[in-house]
Every structure is written in C-alpha cells, then in structure tokens.
Amino acid sequence: MKTQVDEINRNIYDFKNADNYEYKIKKGLTPEIVEDISRQKQDPDWMRDFRLKALEVYNKLELPTWGPDISELNMDEIATYVKPKTTLSNSWEDVPDDIKSTFDKLGIPEAEKTSLAGVGAQYDSEVVYHSMKEDLIKQGVIYTDMETAVREYPEIVKEHFMKCVPLNDHKFAALHGAVWSGGSFVYVPKGVKVDIPLQSYFRLNSPESGQFEHTLIIVEEEASLHFIEGCSAPKYNKVNLHAGCVELYVKDNAYLRYSTIENWSKNMLNLNTKKAIVGKNAKMDWVSGSFGSKISMLYPMSILNGEGSKTEFTGISFAGGGQNLDNGFKVVHNAPHTSSVVNAKSISKNGGKCTYRSLVRISENAPGAKSSVSCESLMLDDISISDTIPTNDIRTDDVEFSHEAKIGKISDKTIFYLMSRGLSEEDAKAMIVRGFAYPISKELPVEYAVEMNRLINLELEGAIG
Amino acid sequence: MEINETPVRTARNFNINNINLENVNLPDNITEYTDIWISNSDTKVKFSNFTSPIVLTYGLGDSLTNLVKEMSNNRLKIEINSKTNKEIFIDYNFSNNKTLLEDIEITANEGTKEAVIIKYSSNSSVFHDGIIRINAKINSYLNVIVVNLLNEASNNFLSIQNNIEENANVKFTIIDFGGQSSVTNYYSNMTGDFAQNNVNTIYLGSGSQILDLNYIAELRGKKNNIKIDVQGALTENAKKHFKGTIDFKKGCKKSTGDENESCMLLSNTAKGISLPMLLCSEEDVEGNHSSSAGKIDEKELFYIMTRGFSLKDAMKLMVKAKFNKILETIPNEELKECILNEIDVRLG
C-alpha cells in the first residue's frame, strides 16, 4: 500500500481578486517599456540609465543551457509592471478592502500584531503596506520599500544595489535589473539587535504578469536581524514570472537569518536570485521552504569574504504533480577559517520532480575552511523524479570538506519497527515523513511564520494516511 | 577541444560539464601498432582483429570516437567461452610506437569467468585514444584491470562501455597515473536483473597533470547493484575533475547504488572538483554518495615521522595506505609491485 501524501492544499492561496489595477504596462520587453516603468516609478536618472543598461545585458545573455526547460516563457506575453489601485500606507485601514482582505486571509496583519517587529506587503508590482515598531525606528533601524530607499537613501542604495548580484550574473538577474519594482530595504545600524523578525510578503494577483521585487538588507557590524519572506499567488492558466532579487550584506561580527516560505501557484516560473556577502566573523543563515511554482530555479548563495565567517543553509522542497523544483545552494569560501553547513531535503510525489543543485567552492585563499553538506531525497511514489547534482570545487589543501547524499523511499524496516510499537501503518508513515521534514521545520520560525504553520504542520502532517 | 560531457548539465560557470583541452593535436599519420604483448594461451579464449562497428552511448566526444573508428591501429576482439583460471594480460608498452588508437571488444559469454589486465606504459610522450567495449552475458563474471602508467607528458583518452546482462558481474579497476591530460569516460548499461558492477579507481596527479573522470552507470534491471569507489591524491599543480553519475532508470526496483570519492590534497595549489550525481526515476531504490577532500592528517603524519621516516616518505606511505584497499584486489603481484613503485617515482 502506498503512502498517500496529499498535495499542498492551495485553497487558502488560490483565491483571486478581480484584476483591478491603476496601470498595467503593455506586455513585452523593449527599451520603451523599460523607460515607461522608470517614468511610472519616478526613478532618478541613474536608476533609469541602470535599467536600460540592464536590458542591454539581458538581450546579450543566453537562457541557461541546463536545468528545467523554460522555453515556454515568452516575455512578449508578460506584463512586467502592474500598479495596484492604491498607494503605500502604514495603516491597514488605508489599504483597499480587496487587497487588505487578501492579506487578512494570508494571516499577515494578525501575525504582525502577535509576533513581528515589522511588516511589508507587496501586491503585484508595488508595496502597499509598510510598518515597523516604534522602538526599532528609535534605534535607527530602517525598514521601508525599495522605492522610498532609492529616494531617501540614494548613497546607500547606489553603493549596494546590484553589486552583490551583478547584472551579468545570469539572464534573469539582468531582466530584474531592467524591470524591478517594489521589495524591501532594511538597514540595521551597528550593534543593534533586532530580536523580533521583520516579514515581507509578496502577492502576485494579476494574470500574465511578473513580479520583480528587490530586497536589499544591510546588517552593520555587530548587529543582528531575522528577516522572513513569504510569497504566493493564485493559479492562472498562463505563465506568470517571478524574477526577484535579494542582496544581503552581513558586515563584520553581524548575524542575519533569512527565512523564506515560498508557495507560488503552479503556473509560476520562479527564477529568483539571492546572494549574501558575509564579513569577518559574521554569520549568515538561510532557511528555505519551497512548496509552490511550476518551475523553480533558486540557488541562494553565501560569499564568505571575511575571515572566520560562517553560513548555514537549511532547506526543504516539496514537488507535487506538474512541478519541477530545481533548488539548491551555493557557497564560496573566500577567506581563511570560513565554514559552511548545508542540510537540504526534498520530497517528490505524484509525478513531481525535485533537483538539488549546488556549488561548494573553497578558493586558494581559504585555508582552514570547513564545509559539510548533507542532502536527502524522499520519493513517495514511482512516477516522481529526484535528482542530486552537487558540484564541489576545492582549490586548496588545508580544508575539511565532506558531502553526502541519500535518495530513496520510506524504509520498510522503519515502518515495521514503528508498527511493532503500536502505530498503524499510516501513522507510522506519517511520522516518518514528519521526522524527515523536522530538521528543517524546527529551523523555520514556526511561532511567527504563518505560512510555515499552514504548509508543514497542517498540510504535511495532517494529510498523510 | 570540449570533450567528456556529463549526461546532465549543470551551471556553466561551475566549470564541470565538460573539459576544454587546448594544445592537443590529434595524430594524422598513423602506423600499425606493434608494441603489444598478450599473455594467455588458454584455448578457451578466442582472439581476433575483427571487432564489431563502434556505437557508443556516451564516449569522450565525436572527435576522439571517430579517430578510433576511422584510424584505429589496433583492434582486438576477445571472446571468453568458459571459466578460466588464467588472466589475460595485454601490455601496450610504446617502445617504438608513439600513437595508439585501439579498439578492444571483450565478450564474456554466458556463465564464464575471466580476468583481463590492460596496461599502458611509456617512457616518453605518446598519444593514446582507446575504446574498450565489454559485453557481459548472462551469469558471467569479468574482472577488468586497466593500468595507465604513461609518461606524464602524454595524452591519454579512454572510453569504456559495458553492457551487463542478467546476473552478470563486471568488476573494473582503473589505475590512472599517466598523461599530461588523462580523460576517461566510463559507462555501464546495466540491462539485466541482478546485474552487478563494481568500479574501483585510483588516480594520482602531479606536476601540471589534468585528470578528468566521467563515470556513468544506468541501472535498468531489477536488483541491480553498482558501487563506485574513487580514491586519489594530487600534488603540486595537478587538477582533477571527477564526475560520477548513478542513474536509476524507471523499473530498476530494489536496486542499490553507492558512490564514494575521496581526494587527498598534497599541496595547496592542487585542485579537485567533483560532481557526484544521483538521478532517480524509480522510487524503490537506495542511492548514496559521499565525497570528501582534504590534506593528510597531520597527527598521523607526525606519528609516522616519529618512526624514522622523512616527511616525503611518510606522505608516500600514507598515499599507498589509502590506495591499498583497492590495490590488494589486483590479482597479479608483479603488477601490484609495479604500481607501488610508480607511486614512489611519481611522488618524487
């Protein structure tokens, strides 16, 4: 008898609002369209020029020759900018009812009251709500939308914007540079510890459109932050595109934890880019749950530039029917005594495909580096696919590097053992799947992340048997 | 020349999908290869020069495959017709010839058992491009040992392709020491139920040697078993790419696959890149891989040196100890000694 693990119940994410927008840019990608976005956003000249340069780079770069087939993506069918009928507000009361109701259903305002220090909410291409607790403002923490940051903190933004993820990183990084809109900017001053997480939520409602939010976080020396990112969209018949960009700067002795619960709809191509530059003795932790999207190509990256810097990646992917989740992690050790720990898991079922793709590079100038990678894949039926494609590039001798991976189904012996302790077969299997996901789920901010409660605890645990 | 493509590509800037070799000149003036010595007088083994047309699923790439197809100067067909106790030893020693383009086809017929040793050695720079095809029929057992002791300025290219039928067992040992560039493509097509394949490899790189090993196993039958164990050491500016793919095809129920690669880095300018892939389209399987890299344990090194060994000799001893698990399975004491001597010579 097969274990029955239901697909993630998407009802709570699949509700659609009418496609009411103030302005929707025409489909396609031309210099005129990019200039139009720039006008709509009232960009300063440098940003307009940057966008046009990015478009040139985009046109020069090729599509990836590896990974999932994304040939169905036709930029002529995608509207890259959709302005909702509202402006940025710091009070939910001022957010239009249909949009507020969306975020209510997703539990964001409630979570803000109980367990978050600040919230940003983006609807299509614009941030519609942003707010942060007063005491953090007093400590000099900045948490705002990217457009405000470009206007009010131009020097900081110029110094960091698309420097961590350069335009020529890949084709969709360049696309992002050309059409980016929305996203969050966080600046944590030296020594400030933000004990309660900030959360940004990205919702794409408009069909045949794209979301290209830019998240820029700078955690100054000896400061710390936990940032949570959530995303979802209703399902449409045609392709939607998400090509966001996350740039994280973790300065010396600082700490940043970046948690993501991604649950895009199954018509979404999620071609996102996330990178962190980590300073001396600083630590960057990634926690990632990837549940949605038709195709996902997502490989967060830590660049360990400071001596003694550390990074940890903890991630889980769950691919159901029709999904191809090509996820993983990249780390470059660029300084002595750096360390990385990777713990990646995937579950594939009902014809879904999970691929773990990664890079560990220990460069010549990283003596004393340590890296430990573990990935495990669980297949729940015989029509699914699970691949592991890790690249390990070791360029010096004074290292400790190990990588291990396992692939397989639920062990019959383990089921037998649990059944001998009094559990039914279904309960035993459910417990094994929960146990498989536990090392990841315990790292996720369960008490804060509304998404996590719903996706792991409710859907995964409750739906087996 | 871009050769030795992986069966599945990954990001281009990971620099592992293939190897791009510059300054390799393909030979055009080929003469008959005469520096070959074959020991086996067993009448149950049939030798001929009439190999079947070459069709490779992977191989190193068209340029090198076509070179053998069109210009081979040594073709050898070996048909094993019953269990024998005497190994076949094929020695290519390059005393006079500088180029070998060989096509070896070995068929182990049903229920047979045999060991085949193929050794390449040279004292000067030579060019070797070879294809070894194995057909392991039902219930056969074949132990193949390939030893590359070519001069360090040589070019060594080798494509191996196995077809392993029901309950057949192919054991491959590859000793890969020689060549400025040494590029190997190893492919096992495990078609029969209960097919087994063990691959044990030792590589040693020094100077500016480049080694590129691309091992692919496709498991198609039920209860197939593949084990890949690759142990290596790199010194000076040597560079190694190891690409290992275990591909569980749909239907290979109850199959298992294990892949282990370990690289000992003996200098801070040596480089090891690895891509141990597991591809899985079948639920009821077990696949594992592990990969590790690092320098020699200093405490162990210190201990050996306290027993009177110099640093260099202590390192050699540890390399040999690491390789010993694989070396001791070679059924020819003279060859084993020869390999141990080569380790001493090549580590200087």
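Residues numbered from 1 in each chain as written. Chains lettered and ligands numbered in written order. Predicted model: local features only at pLDDT ≥ 70, side-chain atom pairs only at ≥ 80, totals over all residues.

Next up on the list: the overall build of chain B. Counting secondary structure elements, chain B contains four helices and 20 strands. Against the globule reference of 20 Å for 348 residues, chain B gives a C-alpha radius of gyration of 20 Å, in line with a compact fold. Projected onto its principal axes, the C-alpha positions of chain B cover 55 × 55 × 40 Å. Contacts spanning at least 24 positions in sequence make up 85% of the contacts within chain B whose residues lie at least 6 apart. (Helix = DSSP H or I, 4+ residues; strand = E, 2+ residues; numbered from the N terminus. Rg over C-alpha atoms; globule rule 2.2 N^0.38 Å. Contact = placed C-beta atoms within 7 Å.)

Tallying secondary structure elements over chain A gives 12 helices and 25 strands in all. In terms of overall dimensions, chain A is globule-like: its C-alpha atoms have a radius of gyration of 21 Å, near the 23 Å expected for 465 residues. Along the first, second and third principal axes, the C-alpha set of chain A runs to 70 × 55 × 45 Å. Taking all 465 residues of chain A together, 59% fall into the buried category. Look at the contacts in chain A between residues 6 or more apart in sequence, and 83% of them connect residues 24 or more apart. (Buried ≥ 20, exposed ≤ 12 C-beta atoms within 10 Å, placed from the backbone.)

Residue and element names in this part refer to chain B. Burial of the side chains of strand β6 (residues 88-92) is restricted to one face: Ile88, Ile90 and Tyr92 are buried, whereas none of Phe89 and Asp91 on the reverse face is. The pairing of strand β3 (residues 36-39) with β6 spans four bridges and is antiparallel. Considered in β6, the bridge of serine 39 is made with phenylalanine 89. Pairing of β6 with strand β8 (residues 113-121) involves five bridges; the strand directions are parallel. In the strand pairing of β8, phenylalanine 89 is matched with isoleucine 117. (Pairing = 2+ DSSP bridges.)

Let us look at the packing of helix α10 (residues 412-420) of chain A against helix α11 (residues 425-441) of chain A. All names here are of chain A. Between α10 and α11, the shortest axis-to-axis distance is 9 Å and the interhelical angle comes to 120°. For the element pair α10 / α11, the angle class is oblique. The chirality of how α10 crosses α11 is right-handed. Every residue of α11 that contacts α10 at Thr414, Ile415, Leu418 and Met419 is listed here: Glu425, Ala428, Lys429, Met431 and Ile432. (Axes fitted to C-alpha atoms, helices over the stretch in contact; angles between N-to-C directions. Parallel < 35°, antiparallel > 145°, perpendicular 65-115°, else oblique. Left-handed = near helix turned anticlockwise from the far one by under 90°.)

A separate point is the domain arrangement of chain A. Per the domain assignment, the segments making up chain A are domain 1 (15-412) and domain 2 (413-465). For domain 1 of chain A versus domain 2 of chain A, the distance between C-alpha centres works out to 27 Å. (Domains from an automatic or database assignment.)

A word on the packing of helix α3 (residues 45-60) of chain A against helix α9 (residues 171-179) of chain A. Residue and element names in this part refer to chain A. Interhelical geometry of α3 versus α9 gives an angle of 155° and a closest axis separation of 7 Å. Classified by the angle their axes make, α3 and α9 are roughly antiparallel. Note that α3 runs across α9; the crossing there is left-handed. Residues Phe50, Arg51, Ala54, Leu55, Val57 and Tyr58 of α3 lie in contact with α9, whose contacting residues are Lys171, Ala174, Leu175, Gly177 and Ala178.

Listed as interface residues are 37 residues of chain B and, on the opposing side, 32 residues of chain A. Among the elements of the structure, β19 (271-280) and β20 (285-294) of chain B are those that each provide at least two residues to the side of chain B that touches chain A. Looking at the side of chain B that touches chain A residue by residue, the class counts come to 16 nonpolar, 13 polar and eight charged. Relative to β20 of chain B, strand β25 (residues 399-408) of chain A runs antiparallel, the two being bridged by nine bridges. From the neighbouring strand, phenylalanine 401 of chain A faces β20 of chain B, where its bridge partner is alanine 293 of chain B. (Nonpolar A, V, L, I, M, F, W, Y, C, P; charged D, E, K, R; others polar.)

Residue and element names in this part refer to chain B. Take phenylalanine 302: it is sitting in helix α2 (residues 298-306). According to the C-beta neighbour criterion, phenylalanine 302 is exposed, with 11 such atoms within 10 Å. Placed 12 residues apart in sequence, phenylalanine 302 and alanine 314 show a C-alpha to C-alpha distance of 8.5 Å.

Residue and element names in this part refer to chain A. Position of arginine 203 among the secondary structure elements: in strand β7 (residues 198-203). By C-beta crowding, arginine 203 is classed as buried, having 23 other C-beta atoms within 10 Å. Taking the C-alpha atoms as reference, arginine 203 lies 15 Å from threonine 215; in sequence the two are 12 residues apart. With residues up to four places along the chain from it excluded, the contact list for arginine 203 reads Thr102, Gln122, Tyr123, Ser232 and Ala233.

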